[in-house]
Amino acid sequence: MVYGQIPDSDAQDVALAVTAAQQAFPTWSKTDPAQRSRLLMAIARGIEERFEELAQAESRDSGKPLSLARRMDITRARDNFEFFAAAALQFASESHNQPGFINYTLRQPIGVVGCISPWNLPLYLFTWKIAPALAAGNCVIAKPSEVTPVTASILAEICISAGLPDGVLNILHGTGPNCGAEIVKHPIIKAVSFTGSTRAGREIASVAAPMFKKLSLELGGKNPVVIFADCDYEEMLNTTVRSSFTNQGQICLCGSRIYVERPLYNRFREDFVARVQQLKVGDPAASDTQIGAVVSEAHYNKILSYIALAKEEGGTVLCGGHPVKMEGERANGWYIAPTVIDGLSPICRTNQEEIFGPVVSIQPFDSEEEAVTLANNTDYGLAAVIWTNHLTRAHRLGEQLQSGIVWINCWLERDLRTPFGGVKSSGVGREGGWEALRFFTEPKNICVKL
Ligand code: NAD
């Protein structure tokens, strides 16, 4: 059902937005950080005032449970503005003394920067980029995913109401190849912060790198969950259900390859499958729904094709593996039963490629060394989870896993001050806290003879 339309902005629209941003930059970049902070805080209040409307829009646009949109997406969008409003007041730079000279570093805003975000956490990730870019004094050209544009559109209204000056934030709608690509190649845009697929990240890097643009790329993942027999079993089980299927598995941080120490394997398989089968797939608007719809028909087909591939590759589907048909208004939605597969080789495509849906594989391991090898055996390196009560082993694995984030005995605990990002094909650069403010500023060393 069509319930709204957005423009597919092109090079001309990008050029107009860049001109507006360039005109706004001299004043905005020199605005007292306290004033920038007040404006970001006003945007956070604006999100709060329209909280329910935003949550409904996010759920409707993406198919995610409304309860999740409230608890996670919109809450975090508000928090992103609050966090960087506070950070704008605290951001400082270093100075270095040597005999006869003093060096200090100026951290200057870059100018006009581009922010491009995906559909899985639409407002959450959009604001995660925009807030630090503005806090640091840049003017921003921002494009949400064309698949989930509605909350970005509401954010534009909120920013106007909050009193953000014209040209400081320019939200453009459109597709990746048209609008996104034009943002990346525009010569005035000196930095691009991108979250999305590794495929698009590679394309963006190939255009931006020869232009010597600053790039932050937050890309795909194929995250391991490593479970040792000495873990707190119930907590591990509950959290592993969440880390597998929250947002229909469409969070870049979801664990999709679950490795279980052999003595625990059979018990885990039985209990995990039983819990997963209890998850309620249903109308995103219903309060008891735990699994909503996946985001689009194309993505639905992609996920089902991976389930078919897993069977060809010798996997056994222990539960799920099929679409779920709804009744009434939701009859044409894209619902897939949460799926657990075992019996796959660690190097098969199902275990190597990002599916980004409600599909996980499980397999046993026999030693710590094998667990590390299995966990690292992928092109990706975004997040990993370790479950163990063995203190030194936990730290040892934390050090050895090739991953930007390692959670030990927890998942998705996010302190916004910590560095966020991936290694290998999961990306380049870090977001969060000072890392984000450093990305959105250019350091300049000034050396003074005393
Ligand atoms: P996508 O790469 O298709 O699109 C992301 C955004 O980039 C969209 O706004 C799209 O319009 C734009 N885009 C696409 N091609 C472009 C190009 N050539 N030039 C400029 N812009 C372009 O990704 P998606 O399907 O929207 O999102 C899912 C992917 O995002 C998954 O791979 C997931 O792992 C990843 N993701 C990563 C993180 C992280 O923090 N690492 C977070 C969320 C999602």
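Sequence order sets the numbering: in each chain, residues are counted from 1 along the sequence as written. Side-chain atom pairs in this predicted model are given and counted only at pLDDT of 80 or more, local residue features only at pLDDT of at least 70, and totals for whole chains, interfaces and linings cover all residues. Side-chain figures throughout are based on the complete set of non-hydrogen atoms in the structure, without hydrogens or water.

Caption draft 1: How the structure looks around the packing of aromatic side chains. Two rings from Phe, Tyr or Trp (for Trp, the six-membered ring) form a pair when their centres are within 6.5 Å of each other. A pair whose planes differ by under 30 degrees is stacked, one over 60 is edge-to-face, and the rest are tilted. Per the counting criterion, the structure on display carries 9 aromatic pairs. Each ring, one from Phe84 and one from Trp128, has its centre 5.9 Å from the other, and the planes form 55°; the classification is tilted. On the criterion of sequence distance, the pair formed by Phe84 in helix α4 (residues 66-90) and Trp128 in helix α5 (residues 122-135) is long-range, its members being 44 residues apart. The same class applies to Phe84 and to Trp128, which are both buried. Helical segments are the DSSP runs of H or I of at least four residues, strand segments are the runs of E of at least two, and each set is numbered from the N terminus. The classification of residues rests on relative accessible area computed with a 1.4 Å probe and restricted to protein chains. Under 20% of the type maximum is buried, over 50% is exposed, and intermediate values are partly exposed.

Caption draft 2: Molecular detail of the environment of Ala181. The topology assignment puts Ala181 in helix α7 (residues 176-185). Between the C-alpha atom of Ala181 and that of Ile204, which follows or precedes it by 23 residues, the distance is 7.4 Å.

Caption draft 3: Main features of the nonpolar core. Core analysis: the largest hydrophobic core is formed by 118 residues, its most contacted members being Ile43, Leu155, Ile227, Leu253, Phe268 and Phe272. Here this core gets 11 residues from one element, more than from any other, and that element is α4. Of the residues that make up this core, three or more belong to each of domain 1 (11-219 + 426-449) and domain 2 (223-408). Contacts are assigned to residue pairs with any non-hydrogen atoms lying within 4.5 Å of each other. Aside from chain neighbours lying at most four places away, what touches Leu155 is Ile43, Ile47, Phe81, Leu123, Phe126, Thr127, Ile130 and Ile171. Put simply, buried Ala, Val, Leu, Ile, Met, Phe, Trp, Tyr and Cys residues joined by side-chain atoms within 4.5 Å make one nonpolar core. By size, the runner-up hydrophobic cluster in this structure holds 13 residues, among which are Tyr306, Ala310, Ile336 and Leu344. Annotation comment: domain bounds sourced from an automatic or database domain assignment.

Caption draft 4: Just the pattern of salt bridges, in detail. A carboxyl oxygen of Asp or Glu within 4 Å of a side-chain nitrogen of Lys or Arg is what we treat as a salt bridge. In the structure shown here, the tally under the stated rule is 23 salt bridges. Among the salt bridges present, the one from Glu182 reaches Lys185, with a minimum N-O distance of 3.4 Å. Of this pair, Glu182 and Lys185 both sit in helix α7, 3 residues apart, which is roughly one turn of that helix. Overall, the relative accessible area of 43% leaves Lys185 in the partly exposed class. The residue Arg417 makes a salt bridge to Asp415 at a minimum N-O spacing of 2.6 Å. Assessed through its relative accessible area of 59%, Arg417 is described here as exposed. For Asp415, a relative accessible area of 32% corresponds to the partly exposed category.

Caption draft 5: Molecular detail of the sheet that holds strand β6 (residues 189-195). Strand order in the open sheet formed by 6 strands is β5-β4-β3-β6-β7-β15, with mixed pairing between adjacent strands. With one partner strand each, in any of the chains shown, β5 (169-171) and β15 (427-428) form the two edges of the open sheet. Any two strands with at least two DSSP-identified bridges between them are counted as paired. Relative to β6, strand β3 (residues 112-116) runs parallel, the two being bridged by 5 bridges. Along β6, the bridge assignment pairs Ile116 with Phe194. Sheet strands touched by helix α8 (residues 198-208): β6 and β7 (214-218). Its angle to β7, the strand with the most contacts, is close to 175°. Whenever a helix is involved, its axis is fitted only over the stretch in contact; in every case the axis is a line through C-alpha atoms, and angles between N-to-C directions fall within 0 to 180 degrees.

Caption draft 6: Main features of the site of the ligand. To be near a molecule or strand, a residue needs just one of its heavy atoms within 4 Å of it. The full set close to the ligand counts 32 residues, and Lys143, Glu146, Ser197, Leu219 and Glu354 are the nearest of them. The definition of a polar contact used here is a pair of N or O atoms within 3.5 Å, where within protein one atom must be able to donate a hydrogen and the other to accept one, and adjacent residues in sequence count solely through side-chain atom pairs. The separation between an oxygen atom of the ligand and a polar side-chain atom of Glu146 is 2.6 Å. For the accessible areas, the method is Shrake-Rupley and the probe is 1.4 Å, while residue cover comes only from the protein chains on display. When the ligand sits alone it has 850 Å² of accessible area, and the protein chains cover 92% of it. Going through the elements one at a time, α7, β6 and α8 are the ones with two or more residues in the shell around the ligand. Of the residues in the shell around the ligand, the class split is 15 nonpolar, 11 polar and 6 charged. Each of domain 1 (11-219 + 426-449) and domain 2 (223-408) accounts for three or more of the residues forming the shell around the ligand. Residue polarity is assigned by list, with Asp, Glu, Lys and Arg as charged and Ala, Val, Leu, Ile, Met, Phe, Trp, Tyr, Cys and Pro as nonpolar; anything else, Gly included, falls into the polar class.

Caption draft 7: Representation of the side chain of Asn138. The residue Asn138 is located in the loop between α5 and β4 (139-143) in this model. Classification of Asn138 as buried rests on a relative accessible area of 0%. Here Phe440 takes part through its backbone oxygen, which lies 2.9 Å from a polar atom of the side chain of Asn138. Setting aside chain neighbours within four positions, we find Asn138 in contact with Phe25, Trp28, Pro109, Ile110, Gly111, Val113, Ala133, Val168 and Phe440.

Caption draft 8: Spotlight on the sheet that holds strand β12 (residues 359-365). Strand order in the open sheet made by the 7 strands is β10-β11-β12-β9-β8-β13-β14, with mixed pairing throughout. The open sheet has two edge strands, β10 (316-319) and β14 (405-408), and neither has a second partner. Neighbour to neighbour, the strand axes of the sheet diverge by 25° on average, direction disregarded. Strand direction decides the pairing type here: strand β11 (residues 339-342) and β12, joined by 4 bridges, are parallel.

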